[in-house]
Amino acid sequence: VRSKAARAVAASLRAETLRAEIGDLEAEVWPALQRPDCSWEEGRRKWLRRLQSAQLPADQAQLLLDLEEAVHTLQAAPDLVERKPWLKTGHEAIKQRARRFFREGGEGE
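None of these values were measured; they are calculated from a predicted model.

**Student:** Got a minute to help me understand the pattern of salt bridges in this structure?
**Tutor:** If charged atoms from side chains of opposite charge come close, those side chains can pair. Using the criterion set out here, one finds 2 salt bridges in the structure. In this structure, the salt-bridge partner of Arg-44 is Glu-26, at a minimum N-O distance of 2.6 Å. Of this pair, Arg-44 sits in helix α2 (residues 40-53) while Glu-26 sits in helix α1 (residues 4-33), and the two are 18 residues apart along the sequence. The partner of Asp-66 in a salt bridge is Arg-50, and the shortest N-O contact between them spans 2.8 Å. Here Asp-66 is found in helix α3 (residues 57-72), whereas its partner Arg-50 is found in helix α2, with 16 residues between them in sequence.

Have a look at this one:
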């Protein structure tokens, strides 16, 4: 059984490691975010300060969401639907609604 102090040190190291990974990711996309039509540069300093002080997973998750939003502004193609379509009516054989994946525009439609 680890002591409370050992658990706190381990949690601190995880937070530090995750902060470093998030910072590395931001550094990788930074050149693309320097475009005139992207507002990331305006809030970058504040974001980096928040990153340095982020200890909780929720704070780090919010930083990633903020970065994702900035990167999303660079996307030229429309978003793709990630979920497969569902059968919305009862299935004939079992007389119940059933989860079933099917191809859009495929046979039998």
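There is more to say after this.
**Student:** Would you explain the packing of α2 against α3 in this entry?
**Tutor:** Working note: a packed helix pair is described by the angle between its axes plus the distance between those axes. Running from N to C, α2 and α3 cross one another at 165°; their axes reach a closest spacing of 11 Å. Considering the angle they form, α2 stands roughly antiparallel to α3. The element α2 and its partner α3 pack so that their crossing is left-handed. For the pair formed by α2 and α3, the contact residues are Trp-40, Trp-47, Arg-50 and Leu-51 on the first element and Gln-62, Leu-63, Asp-66, Leu-67 and Ala-70 on the second. Taken together, the residues of the contact of α2 with α3 break down into 6 nonpolar, 1 polar and 2 charged.

**Student:** Looking at this structure, how should I read the side chain of Glu-26?
**Tutor:** Since its relative accessible area comes to 1%, Glu-26 is described here as buried. Leaving out residues up to four positions away in the same chain, Glu-26 has contacts with Trp-40, Arg-44, Trp-47, Leu-48 and Leu-67.

**Student:** What exactly am I supposed to notice about the nonpolar core here?
**Tutor:** One broad rule of soluble globular proteins: the nonpolar side chains tend to lie buried together. The biggest cluster of nonpolar side chains holds 12 residues, and these are Ile-22, Trp-30, Leu-33, Cys-38, Trp-40, Trp-47, Leu-51, Ala-54, Leu-63, Leu-67, Ala-70 and Leu-74. Of all the secondary structure elements, the ones that give two or more residues to this core are α1, α2 and α3. Here Leu-51 is in contact with Arg-19, Ile-22, Gly-23 and Leu-63, once residues within four sequence places are set aside.

**Student:** It is not clear to me how α2 should be interpreted in this structure. Could you clarify?
**Tutor:** For an α-helix, the turn length of 3.6 residues means that residues three or four places apart are oriented alike. An ideal rise of 1.5 Å per residue puts 20 Å on 14 residues; α2 measures up with 19 Å between its terminal C-alpha atoms. Within α2, the axis deviates most sharply at Lys-46, by approximately 30°. What α2 keeps buried is the set Trp-40, Arg-44, Trp-47 and Leu-51.

Thresholds, definitions, all that
- Residues numbered from 1 in each chain as written.
- Predicted model: local features only at pLDDT ≥ 70, side-chain atom pairs only at ≥ 80, totals over all residues.
- Heavy atoms only, no water.
- Salt bridge = Lys/Arg side-chain N within 4 Å of Asp/Glu carboxyl O.
- Helix = DSSP H or I, 4+ residues; strand = E, 2+ residues; numbered from the N terminus.
- Axes fitted to C-alpha atoms, helices over the stretch in contact; angles between N-to-C directions.
- Parallel < 35°, antiparallel > 145°, perpendicular 65-115°, else oblique.
- Left-handed = near helix turned anticlockwise from the far one by under 90°.
- Contact = heavy atoms within 4.5 Å.
- Nonpolar A, V, L, I, M, F, W, Y, C, P; charged D, E, K, R; others polar.
- Buried < 20%, exposed > 50% of the residue type's maximum accessible area, 1.4 Å probe, protein only.
- Core = buried A, V, L, I, M, F, W, Y, C linked by side-chain atoms within 4.5 Å.
- Expected span 1.5 Å × (residues − 1).
- Bend = angle between axes of the 7 residues up to and from the residue.

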